[in-house]
Each structure stands twice: as C-alpha cells, then as structure tokens.
Amino acid sequence: MIVLKFGGTSVADAERILGVAAIVKARAGSRPLVVVSALAGVTDLLARAVACAKAGDREGIEPLLSDLARRHRWAISGAVEPAGARHDLTLQVDGMLEDLRQLLRSVRLLGEGTPRASDTLLAFGELMSSRIVAAAFRASGLPSRWVDPREFVVTDDRHGAATADVEATGERARPLVTEALDAGEIPVVGGFVGATREGHTTTLGRGGSDTSAAVLGAALLASEIQIWTDVDGILSADPRVCPEARVCARVAFAEAAELAFYGAKVLHPAAIAPAVARGIPVRVLNSLRPQGAGTVVVAEPGEGAPPLVAVASRGGATLVRLRSRRMRIDAGFLPQALAALEAEGVVPDLVVSSEVGVAAAVAGRLDAKRLATRAGDGVEVEIHPEQGIVCIVGSGLATDGRIRGRVLAALAEHDPALVSLGGSGTSVSALVAETRLADVVRSLHRTFFEGGGG
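Residues numbered from 1 in each chain as written. Predicted model: local features only at pLDDT ≥ 70, side-chain atom pairs only at ≥ 80, totals over all residues. Heavy atoms only, no water.

Q: Honestly, the packing of helix H11 (residues 333-343) against helix H12 (residues 368-375) in this entry has me stumped. Any pointers?
A: A pair of packed helices is captured by two measures, namely the crossing angle of their axes and the spacing between those axes. Two elements in contact, H11 and H12, have axes whose closest approach is 9 Å; the angle formed by their N-to-C orientations is 135°. It follows that H11 is oblique to H12 by the angle criterion. When you trace H11 past H12, the crossing you get is right-handed. Contacts from Gln-336, Ala-340, Leu-341 and Ala-343 of H11 reach H12 at Leu-371, Arg-374 and Ala-375. (Axes fitted to C-alpha atoms, helices over the stretch in contact; angles between N-to-C directions. Helix = DSSP H or I, 4+ residues; strand = E, 2+ residues; numbered from the N terminus. Parallel < 35°, antiparallel > 145°, perpendicular 65-115°, else oblique. Left-handed = near helix turned anticlockwise from the far one by under 90°. Contact = heavy atoms within 4.5 Å.)

Next up, the structure:
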C-alpha cells in the first residue's frame, strides 16, 4: 500500500478537493491510504478562536465560527453529491461546529484553556476536512471509509507537540486499515491529530500532517509516502530568487535536512524521519500539476547521485564577533561565548573559532553592549547586522575534496564574512551582505546547477 498526504492548499475548497479525488483515483490500484490536513487557513482560524476564548472575548469568537461554518459548507456544496449525501454531511459538520462552539464557551467562561483543551479544539479542522474528503471521494465513484485518527495514532501526552509511537500505532492501525483496503475502500484520515493511550486528543504540532503520514507509512510498511503540496518538489534554489531553479529528482535525507535548516520550507525532515528510518521513500508532489515526477527523499544518496543538489538561502542574519583582549583563547572561551549568546535567546547557525576569537551567524538582531556584558571582562564584541546565509548542499561535499574545493573557490569570489563546513559534511555555508544575497544565489546556481555545472 501507499500513503498519500494532501496539505491544506490541496484541500482548500471544493475544486481542489475534487482534484484530490482525481489524483487518488489514478492511484487506486496501489491500495492508497489518504491523510489530509485541515482546509487551508482553518487551523489559524481555530487558533485565533482559542485565543479569544482564553481572553474571554465572546465578540471575537463569533465571526471566526461564522467563517469556519461558511468555509466548510461551501466545500460540501461543491464537492459532495447527491443531495441526500450532501444534506447528511452538512448536518454532521454542523453538529461538530456546535460542539466546537460549546467547548470554546467552556474555555471562555473558565478564562483559561489547558494545552489538552487546545488540542481538542485545534483537532476539529482535520476531523471535519477528512469527513468532507471521504464523502467527496464517494461522490466521485471512489469507495472510501472515514477513519478517526484518535482510534489508532498513539502518542505521548506532550499536548501541542506530541510524539507518535510507531509500534503502538501500527498495532492499532493495521486491522482497521487492512479491513478497509481488503473491502476495496480507501481509508481517509485527518492528519495532525492523535490520542494518548488514555484516549485524550493530542496534536503533533504545526505541519504535523506530514508526521502523521510518515508515522502511518512506517507503521504499515508502505511502499511509498507521497506528500502532495503546492510546489513541484524540492527545488535547486528559491524560485522567487532564481527563476532558473529546477526540481531535484532525488534528495538524501541529510541533504533535505540541511536545505530545510537554511531556508527551504517545502518539507520538514523531522516530520518524515520515521519513514526514512525504515527505508520508505517519501515523494514530494504538486497537487496542482499532478503529472510531475516530484522529488523523492531517500535515506542515502545512492550510486550515481549528483554530488550537489541545491543552494539554499535566507536573510535576516547577524554576524557576531567575540574576541579575547588577551589575544588567546582559554579552554572555556567558546562555551563562555555560546552561553552569552544563549542568554540573549539565540542559537548560532554558523560558528567559526580561531586562536583569538569566535565568529557566529545568528538569526535576528543583537544588542552589542548587552552581549558584551554577558560575555564578561576581557571580551570585545562586534555586531554586523543585515547579513544573509547562503548554503550549497550535496553529499559529494563529504566525499569528494575536488567538489569542496570548487565550492569554496566559488564562495570566495563573493567576499564572505564567514565560511563553514556543516557538521554533517553535506553542506558549505557562507555569510554575505543581505543586499548581495540574491545575486550570490543566482551566481552559485549558474555555476553548479545550470548547463551541467554541478
């Protein structure tokens, strides 16, 4: 069997939901299990409603509930036939919305909401969308069965960011999913949602629908997991910066992790780790252009893999230099410098140490005087804001010195303030002025990813 996960933009409205039905119908022979997110924007509406309830803001809740009702009724009216099925589903969703209203009222009257209560409220988005998608499948001639994720996605009790137990999930999911598949039905389940062993609703954190798909794929030993989103796959650069960016056909897990850390937001590697750990490939596809091959994420690069896969970038960085006035670094200087940065609430993205100082790139801005006070006597502090990080990623950097040399030489041409080889060995990053970041990305992309340069 395979697992297909559709994000919020893929089920944003009736038209998109019918498009999802067409995608699934084309893969019906592969025994698919379908995981769906809430309709686009619904989780944000729910989060705002929860915040209003905690603040006792009754007037703020009502328009949000009206918007939620409108969004789901429109989706039902355009995606579900015949009229009888549409009527029954509308009543069902209206009942869920009334339950949501009463739960919000309880939170408002109490003036507080526990993380457990918040999870129960935020879960409504996926629970409603998955019912609508299952009904739309049946209207499109696809036998389907709605399955409640709280029955088999077993998690710990860290409400708001729960971790799923793959083994326990498999034990509970296998009979339910197998029964549906053997009956010729497509199981449809809401992502992002699970439950503790005691039955308390949990959520897996924002972006948790990818995690749901990975956990279920790993638990059920799927042959492939497909993450359907609104982009063609993982690209060789940010297309907003570099229009020549191309889809990466194949990316190793370590490469995907580096790309995500340095700016690529298509996929969060931690979400798919359960599947990759079991050797199950994860493919990223575009639900708006389903004919594309997308990007497949695998555990290891494999023979014949390109040495470099992409250049990632992000702005908003600051260069911090901490120097010892004694012109030497004692054994405790680096921990002292990192502790000073941690006290400022920042974690360095890049760190380079020398005999007399430490240089680091951090996200956001810092106050030089306050950092100097935290760093202690004998330490000079320099702050250089408005920097950007550019990162070339590829497994070849860890295994081929010639590739590393070419990348370092190309970066040197752009006068970087800092250069660092990533801890995994699969990336080389540099800090450049933010005003030059886009030009640097385009230059590196031309050198390594256009015309066979990589």
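Q: So what exactly am I meant to see when it comes to the sheet that holds strand S11 (residues 310-324) here?
A: Paired through their backbone hydrogen bonds, the strands of a sheet run either parallel or antiparallel. Here six strands make up an open sheet; going across it, the order is S12-S13-S11-S14-S16-S15 and the pairing antiparallel. Edge strands, defined here as strands with exactly one partner in the open sheet, are strand S12 (350-353) and strand S15 (418-421). Sheet twist, expressed as the average angle between the axes of neighbouring strands with direction ignored, equals 25°. Alignment of S11 against strand S13 (residues 357-363), held across seven bridges, turns out to be antiparallel. Along S13, the bridge assignment pairs Arg-321 with Ala-359. Along the sheet face, H12 touches S11 and strand S14 (379-393) and points at about 105° away from the line of S14. (Pairing = 2+ DSSP bridges.)

Q: Explain the packing of aromatic side chains here, please?
A: Each aromatic ring pair is summarised here by two numbers: the centre-to-centre distance and the angle between the ring planes. Applying the stated criterion to the full structure yields two aromatic pairs. Each ring, one from Phe-6 and one from Trp-228, has its centre 5.9 Å from the other, and the planes form 20°; the classification is stacked. Here Trp-228 lies in strand S7 (residues 224-229) and Phe-6 lies in strand S1 (residues 2-6), a separation of 222 residues in the sequence. Just as Phe-6 is buried, Trp-228 falls in that class too. Directly above the aromatic system of Trp-74 lies the positively charged group of Arg-70, at a separation of 4.8 Å from the ring centroid. The ring centre of Phe-261 lies 5.3 Å from the NZ or CZ of Arg-314, which sits over that ring. (Phe/Tyr/Trp six-rings, centres within 6.5 Å; stacked < 30°, edge-to-face > 60°. Buried < 20%, exposed > 50% of the residue type's maximum accessible area, 1.4 Å probe, protein only. Lys NZ or Arg CZ within 6 Å of the ring centre and 35° of its normal.)

Q: What should I look at first to understand the environment of Gly-294 in this one?
A: Among the structural elements, Gly-294 can be located in the loop between strand S9 (282-286) and strand S10 (295-298). According to the relative accessible area criterion, Gly-294 is buried, its value standing at 12%. For the pair Gly-294 and Thr-163, spaced 131 residues apart in sequence, the C-alpha to C-alpha distance is 28 Å. Setting aside chain neighbours within four positions, we find Gly-294 in contact with Asp-232, Val-247, Cys-248, Ala-249, Val-284 and Leu-285.

Q: Is there a simple way to explain the side chain of Ser-144 in this structure?
A: Tracing the backbone through its elements, the reader meets Ser-144 in strand S3 (residues 144-147). On the basis of relative accessibility, which here comes to 7%, the residue Ser-144 falls in the buried class. Polar side-chain contacts of Ser-144 include one of 3.4 Å to the side chain of Arg-138. Apart from residues lying up to four places away in sequence, Ser-144 is in contact with Ala-134, Phe-137, Arg-138, Glu-185, Ile-186 and Val-188. (Polar contact = N/O pair within 3.5 Å; in protein donor to acceptor, adjacent residues only side chain to side chain.)

Q: Explanation requested: the pattern of salt bridges in the structure shown.
A: Note that side chains of opposite charge can pair when their charged atoms are close. With the rule as written, the count across this model stands at 22 salt bridges. Here Arg-101 makes a salt bridge to Glu-98, at a shortest N to O gap of 3.7 Å. Of the two residues, Arg-101 and Glu-98 are both situated in helix H4 (residues 83-110); the distance of three residues between them amounts to about one turn of the helix. Residues joined by salt bridges that share partners form a network here, namely Glu-62, Glu-98 and Arg-101. (Salt bridge = Lys/Arg side-chain N within 4 Å of Asp/Glu carboxyl O.)

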